[in-house]
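Reading the structure
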Amino acid sequence: MTRWIGRTIRKGWVFLANLSLEKKLILIFVFLLSLPITYVSYLSARSTFNSVRQNATNNAIQMAGNASNTTDRYVADLKRSTALPLYNSDVQYYLEQETTDWGKNVAMGMFLSYLSHTKKEIAAVYLVDRYDHIFFDKRPDITDLSTTDQLGTWKRLVGQQSGAHPILMGRHSIQVNGNKQKAVFSVLRTVKSASTLQDIGIIVFDIDIELFKDIAEPMDRVTQGSSLILDDQGKLVYASGDPGTVSARQSDLMSLRKGRQTGYFESEIDGKRYLTVFVVSEQTGWTTSVSIPLAKILYKVKQNSTTLIVTTLLLLCIALIAATFFSHALTKPLKSMVRYMRQVQHGNLNVWITTRYEDEIGMLGSHFNRMIVRVKELLNEIKATEKRKQMADMRALQSQINPHFIYNTLESIRMLAEINDDPQVAKLTYLLGIQLRYSIVRSEETVTIAQELEHVQHYFDLLAIRFPGKFKLTIDVPEAFRGLPVLKLIFQPIVENAVFHGLERKPGTGTVAIDAWKEHEHVIFRIQDDGVGMDGQKLLALNASLRETDAGGTFGIGIHNVNERIRLHYGHGCGLQVYSEPGAGTSVLIKIKENLPDDRE
């Protein structure tokens, strides 16, 4: 059975592959537009769902942020209020007084009464003096307030806090009106003496948790969700909605928040999916969140699904009719293009596609024409480059042995040998051997700058024997450049050119100086002589011939050979540049890249 299914699939695929492009396009349109109606409807519904969910998420995050900001402002006001004892001289005095008399009770009571009436949500406000005496004022609906079990907690918290910064204490209960427990959160801080800055007491505000009801109700009403506020330790401060889901919502929030300051996640509680958004306050570290049932967010999406399916079917019918017409229009120019491509494949580059329209097919034809033109240009450039490289290599071989120089050197050896047995003959022969080995025997394409400079120095040693005191060489190339790789025989031909065209005709001693520096990614070498120089017209002609890689004519092959080899190996941004003034000498700048490219041969 499996083999039969496999054979059937292969036969069907071969059948489809052998159809014309026009028929294939029609089948593809039919398959892509007709069959996946259900899938398209699903994608549209999914897109709508994501959009609705994202809007609900953004609105919920904004509401949670507003609620968090309201809480932050309220807590910030309380923290500012805890600093008021520092500016009340009577309170400062009585906090340091050990005994408690009528005046102390009256002063403390008036101050605490003022503080407790600044905000209606304040359940109680306390002052503890230096000797652990507790004074407090409470809300009118609280007839009895127990303070004996709170002093230890306050002292422990302020003891853990360095300095006099206010402390935010999360949700806890205080005992009021007998044995009743009232949920509050607290803000407290150490009171310091204005004169000695010593700790002289503690001030504490207990705030009714019902404060958060007024803050959270607008958020719950707009989002149709349930609020949850946790302190910086992850403990519950306030919760609205179904009490049975509070524990699950708190657990999900702590496990899925993952250290983010703002975000959202989806979770499932009692078989219902919820979208939960949260905002963590930068000031308090408290987390404000709201959990919204996804069913309430998506009920409008379900109502629009029928309309979406009908619209999709109508659009598919129109698209199928148009597909048949356009498939024919598309395949006609493509068939013509295929014919031209086959001609190019067989080596015929003399083809040209005539485009009638400026659509994608027309652009493809235009790009095909430009590609053919560019291929022809590249083939011509490759031929020209190969020819130039062959000529440059030939010139490099020619320049390795200067017949005139070798003849003069050998003549000097003969004359010295005839006159007397001079040790200079041995030195001359030794230096000539080094020169010949470097120019001819060495097969490396690249050498180091140090080897090139050594070759130039040997060349000058030979000149010193032929022309004692006539020529002088100075090399000032930094050590950092001497290990750089460089093409062989790029310095000596230029130095030789400087000697015989610039210094030989100059009376007295002539000097050739070589130095170097770095410019961005290039290294510049300067070979400078103080010879006779050249006039401006000749200098312009020489630089023009270097730019145009013209190796013939007036200036010989040596300097052009070096320039051409550098440009072939390093690129057109490198090469030679000549500067000269009559009677002032000539400078040749050699510009190469700091690293020799590996891909140039």
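Up top is the structure these notes are about.
Keep in mind it's a predicted model, so treat the numbers as computed, not measured.

Moving on, we get to the overall build of the chain. The helix and strand tally for the chain stands at 17 helices and 17 strands. Burial statistics for the chain: of 601 residues in total, 42% are counted as buried. Partitioning the intrachain contacts of the chain with sequence separation of at least 6 by distance along the chain shows that 60% fall at a separation of at least 24. Of the roughly 34100 Å² of accessible surface on the chain, a fraction of 56% belongs to carbon and sulfur atoms.

All right, on to the packing of aromatic side chains then. In total, this model carries 11 aromatic pairs according to the counting rule given. For the pair Tyr-93 and Tyr-94, a centre-to-centre distance of 5.1 Å together with 70° between the ring planes defines the contact as edge-to-face. The buried category is assigned to Tyr-94, whose relative accessible area is 15%. Ring geometry for Phe-467 versus Phe-471: centroids 5.6 Å apart, planes at 80°, classification edge-to-face.

The next point concerns the layout of surface pockets. Approximately 480 Å³ is the volume attributed to the second largest pocket. Residue assignment for the lining of the second largest pocket shows that the elements contributing at least two residues are helix H9 (294–345) and helix H10 (360–400). Broken down by element, the residue count for the lining of the second largest pocket peaks at 8 residues, all from H9. Looking at the lining of the second largest pocket residue by residue, the classes come out as 9 nonpolar, 6 polar and 3 charged.

Here we come to empty space enclosed by the protein. Enumeration according to the criterion identifies 2 cavities of 30 Å³ or more in this entry. In this model, the second largest cavity occupies a volume close to 30 Å³. Every residue lining the second largest cavity is listed: Ser-68, Thr-71, Asp-72, Ile-229, Ser-281, Thr-284, Trp-286 and Thr-288. Top element by residues in the lining of the second largest cavity is helix H3 (residues 37–81). It accounts for 3 residues. Of the residues assigned to the lining of the second largest cavity, the class counts are 2 nonpolar, 5 polar and 1 charged.

It is the contact of helix H4 (residues 89–96) with helix H5 (residues 102–116), at a shortest axis distance of 10 Å, that shows an interaxial angle of 130°. What the angle tells us is that H4 and H5 run oblique. Both H4 and H5 take part in a crossing whose hand is left-handed. Seen from H4, the contacting residues are Val-91, Tyr-94 and Leu-95; seen from H5, they are Gly-103, Lys-104, Ala-107, Met-108 and Phe-111. In terms of residue class, the contact of H4 with H5 is built from 6 nonpolar, 1 polar and 1 charged.

Here the focus is the sheet that holds strand S10 (residues 287–293). The strand order S7-S6-S10-S9-S8 describes an open sheet built from 5 strands, whose pairing is antiparallel. Whereas interior strands pair on both sides, the edge strands pair on one side only; in this sheet they are strand S7 (236–239) and strand S8 (262–269). With direction set aside, neighbouring strand axes in the sheet form an average angle of 20°. In this sheet, S10 lies alongside strand S9 (residues 272–280) in antiparallel orientation, the contact comprising 7 bridges.

So, on to the pairing of strand S6 (residues 226–230). When you tally the buried positions in S6, you get 5 out of 5 residues, the bulk of the element. Here S6 shows two buried faces, one formed by Ser-226, Leu-228 and Leu-230 and the other by Ser-227 and Ile-229. Sheet topology places S6 next to S10; 5 bridges connect them, and they run antiparallel. Bridge pairing in S10 places Leu-230 opposite Thr-287. Where S6 lies against S7, 3 bridges are found, and the strand directions are antiparallel. When the sheet's bridge partners are listed, Ile-229 is paired in S7 with Tyr-238. Once S6 ends, the chain turns through 5 residues before running back antiparallel as S7, passing Gly-234 with a positive phi of about 85°.

This paragraph deals with the pattern of salt bridges. Taken as a whole and judged by the stated rule, the model has 17 salt bridges. For the salt bridge of Lys-119 with Asp-77, the shortest nitrogen-to-oxygen distance reads 3.5 Å. Placement of Lys-119 in the loop between H5 and strand S1 (122–128) and of Asp-77 in helix H3 is noted, with a sequence separation of 42 residues between them. Two residues, Glu-479 and Arg-482, come together in a salt bridge whose shortest N-O distance is 3.7 Å. With Glu-479 and Arg-482 both in helix H14 (residues 479–482) and 3 residues apart, this pair spans about one turn of that helix. With relative accessibility at 63%, the residue Glu-479 sits in the exposed group.

Attention shifts here to the nonpolar core. Judged by nonpolar contacts, the single largest core of 49 residues is most densely connected at Leu-78, Leu-127, Phe-185, Phe-205, Ile-207 and Phe-212. Among the elements that line this core, the one with the most residues is H3, at 9 residues. Every residue in contact with Leu-78, bar those within four places of it in the chain, is listed here: Lys-119, Ile-122, Phe-185, Val-187, Phe-205 and Ile-207. Ile-494, Ile-527, Met-534 and Val-562 belong to the second largest nonpolar core, which has 44 residues in total.

Thresholds applied
Residues numbered from 1 in each chain as written. Predicted model: local features only at pLDDT ≥ 70, side-chain atom pairs only at ≥ 80, totals over all residues. Heavy atoms only, no water. Helix = DSSP H or I, 4+ residues; strand = E, 2+ residues; numbered from the N terminus. Buried < 20%, exposed > 50% of the residue type's maximum accessible area, 1.4 Å probe, protein only. Contact = heavy atoms within 4.5 Å. Areas by Shrake-Rupley, 256 points an atom, 1.4 Å probe, with all protein chains shown as cover. Phe/Tyr/Trp six-rings, centres within 6.5 Å; stacked < 30°, edge-to-face > 60°. 1 Å grid on protein atoms, 1.4 Å probe; cavity = no way out; pocket = protein on both sides within 12 Å on 5 of 7 lines; lining within 4 Å. Points joined across faces, edges and corners; volume = space filled by probe spheres on them. Nonpolar A, V, L, I, M, F, W, Y, C, P; charged D, E, K, R; others polar. Axes fitted to C-alpha atoms, helices over the stretch in contact; angles between N-to-C directions. Parallel < 35°, antiparallel > 145°, perpendicular 65-115°, else oblique. Left-handed = near helix turned anticlockwise from the far one by under 90°. Pairing = 2+ DSSP bridges. Salt bridge = Lys/Arg side-chain N within 4 Å of Asp/Glu carboxyl O. Core = buried A, V, L, I, M, F, W, Y, C linked by side-chain atoms within 4.5 Å.

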